[in-house]
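Next come the chains, spelled out residue by residue.
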Amino acid sequence: MSVLVQTSRAAGFRAALWAEWTKFRTVRGWMIGLVFAGLMVVLFTFLQANGKHTGYCTTPNPSSCVAGHQYVPTGPGGEAVADTYELVAKRLTGDGTITARITSLAGRIWAGPANEAPSPANTQPGLTSWAKAGLLVTPSTKQGSAYAAVMATGGHGVRFQYDYTHDQAGLPGSISGSAPRWLRMTRTGDTITGYDSRDGTNWHTVGSAHLANLPTTVYVGLLATSPTTSQGLATRATASFDHIAIGPLTDRAAQPPLGSWHGVSIGTGPREAYTTLGNGGYRRAGDAMVVMGSGDIAPAVASVGGDTASDSLLFGLVVALIVLIVIGTIFITSEYRRGLIRTTFAATPDRGRVLAAKAVVIGGVGFVVGAIASAAAIPLGEHAMNANGNYIFPADPLTIARVIIGSGALVALTAVAVLGIGTILRRSAGAILVGVVVFVLPTFTGPRILGPTSSSSAATWLYRATPAAGFSMLGLLPRSGLVSYPYTMSNGYYPLPPWAGLLVLVAYAAVAMFVARAVLQRRDA
Amino acid sequence: MTDALHAEWTKLRTVAGTWWLVAGAVALTVTASAGIAASTHVSPGGGGQDPTKLCLIGVDLGQAVVAVLAVLAVTEEYGTGMIRVTLAATPRRAVMLGAKAVNLAGLVLATGAPAVAGCLIAGRLLLPAAGLDPAHGYALVSIAHGPTLRAACGSILYLGLIALLSLGIATVVRDTAVSTGVVLGLLYLPPLLAQLVSGPWRRHLQQIAPMTAGLAIQATRNIRSLPVSPWAGLGTLALWAAGMLLIGLAVVKARDA
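Since the model is a prediction, treat every value here as computed from it, not as a measurement.

Residue and element names in this part refer to chain A. Across the nine residues of strand 14 (residues 217-225), eight count as buried, placing the element largely inside the fold. Across eight bridges, strand 4 (residues 85-93) lies against strand 14 in antiparallel orientation. Across the sheet, the residue bridging to V88 is L222, located in strand 14. Alignment of strand 7 (residues 132-138) against strand 14, held across seven bridges, turns out to be antiparallel. From the neighbouring strand, L135 faces strand 14, where its bridge partner is L222.

Next comes the structure, spelled out in structure tokens:
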């Protein structure tokens, strides 16, 4: 019996769904509207992407300015990275080990105006928390190469990091003459292991990394670097090392002798995107060494300047939202206006089922339009921005898929919510007004508040609490716990994680549908 | 003409929705202004703010309600078939549309006045807490200040012109939902687009789009750097409104009701 009831319920819903879909697809104006919405997404994405141009200057002289973007290296995992540091290294063949004691780590911060090129001439003392100095192994001195490093930092203790994104913590505390740190790294085959110690006798493993396809001969040495502060000021770090020992792991005569020390400044080309405070360098005295460097070895964030593949999508989607708000409203209000709703309820007396069928139809249509349009618009916009010299942060296919699904869901949820509002109000004008004010204007007002006034808290709340939070699904700018940077709305970062933002929009749609269902069941048609 | 005016006024006045929309327009405008003024925090040294423009920002939102009010004045007649009675009583299309426009403009101007006054009062009370006070070089918002008076009166006129523009569009489109969508799209999309495009396109867009051009009337500082001067901007909006009304008239004359 219960099986029978269930089957008939499912069949009833399928029939209602089919009826609603027939009503929808046979109105020519709505189909034209959908195609129009999709085309607008693509058209405006292209227009907006096409209007973005990037250029840069290597000196204050205007003749040195060229179109195009500065060089942002790509790490082994395909992500954008900062790879700018001072390395003093020897070439090591086969398995080996390096040990050093770091006795001081000090820094300088650019003290001049933010819009001037930083130079060491005008600085004040200060050490950023992610200033790094220690031992590093890398197969190549090309930017973006694989590496593993065990390092003392300005404010995060000893760290073992490899390939830009991986990080393990060692001994806490800052470096001083009375509290030095011993660091050691060994290479065994493809495995690099980092150790630290307070006294050079008791060693702890900080972490280890497996660097695939590590060549037999690698660079092994000392590094120093210091990233920009969270205010964007360039910095430089100076580290003193002693008790430096480097050699093969076992006394094997087969290994060729080590070469001499040589310094490499990595990432100092004229197209370098990372802002540094002067050039690095080193001084050597016996087994002691002072290394000075500026830059970072970490994931790149918005500070390097760059767009994302979804940056030009927003406006087109807003146009699609308005079209779907209008169609979602008429989908229910026209039934009231023409009295068709009485026929509908005569055919499907379960009103909740009618509402659900309408929601599935308008939501499905909205999703398909939003997803197809953004799937077409993203590569087009990316192509236009590339052609204009813009740097676009790399994004893997899964992330792009999230943006496409997000665009579809954004349009679908808005259409469903407006269907609910239309059901509650039964009047086109009111439903569209509420729809546009609640679902479109926060997105529109956000940047307007961001622009003229310096208050970003209002804009941040708009993207947290209003349906504009759904646009978090478009966020592609990379963020990293290893880089101190203000990840704020004004720097292009949405305050909510993508799926959390979409959940806010889901909540709005759910409330609208819930109230609509309650109202629909209580009153006459 | 007097009869037509009286007839249109009776229709406008006796529809329950009208007064809800009027109240909604005032409430939305003032609430939005007060909310944004209260949540603004200008850091010291964050110069170049325009307190008058900031406290009139609610007009951005309130205009949506005004637009709907204007759209409904036409589309409801088409929706219910009332338009056939109206045209039987007032066969001259120009008189009918003119009477609608005059009534609507009068009602919206009367709605705009308290809304704008509310915004200014909210701004005067709330903006000093945001750091826009005489201590930071910003005078209190005051109607005695020439540019502020111009911005306030201009904002009321702006709402009136938005109503006429919407009336024109609704006369052409005839359907409530589609008209509302077209009007709101025409108002809100160009400013959004202008923020996203760069170069001369942005300026041109701001010069011709009805909302950005019309709202230039609210600026009281850095007028030279505006894409369009205050009165020229309001004039642009007036051209939009006149143009849409004329198209509406031509369409109404040409087709059956």
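Read on for the rest.
Every contact between the two is made by 33 residues of chain B and, on the other side, 29 residues of chain A. Those elements giving two or more residues to the side of chain B that touches chain A turn out to be helix 2 (16-39), helix 4 (59-80) and helix 8 (176-196) of chain B. With 13 residues, helix 8 of chain B is the largest single contributor of residues to the side of chain B that touches chain A. Its residues assigned to classes, the side of chain B that touches chain A shows 19 nonpolar, 14 polar and no charged.

In this section: the confidence of the model for chain A. Averaged over chain A, the pLDDT score is 89; the fraction of residues at 70 or greater is 94%. A low-confidence stretch, residues 450-454 of chain A (pLDDT under 50), is modelled with 11 contacts involving residues beyond four sequence positions or located in other chains.

All names here are of chain A. The phi angle at N213 is positive, at roughly 55 degrees, despite the residue not being glycine. Turning to its location among the elements, N213 is positioned in the loop between strand 13 (204-210) and strand 14. Not every positive phi belongs to a glycine, and H243 is a case in point at roughly 50 degrees. Its location among the elements puts H243 in strand 15 (residues 235-248). Taking the C-beta count within 10 Å as the criterion, H243 has 14 such neighbours and is therefore assigned partly exposed.

Criteria and thresholds
Residues numbered from 1 in each chain as written. Chains lettered and ligands numbered in written order. Predicted model: local features only at pLDDT ≥ 70, side-chain atom pairs only at ≥ 80, totals over all residues. Buried ≥ 20, exposed ≤ 12 C-beta atoms within 10 Å, placed from the backbone. Helix = DSSP H or I, 4+ residues; strand = E, 2+ residues; numbered from the N terminus. Pairing = 2+ DSSP bridges. Contact = placed C-beta atoms within 7 Å. Nonpolar A, V, L, I, M, F, W, Y, C, P; charged D, E, K, R; others polar. pLDDT = per-residue confidence, 0-100.

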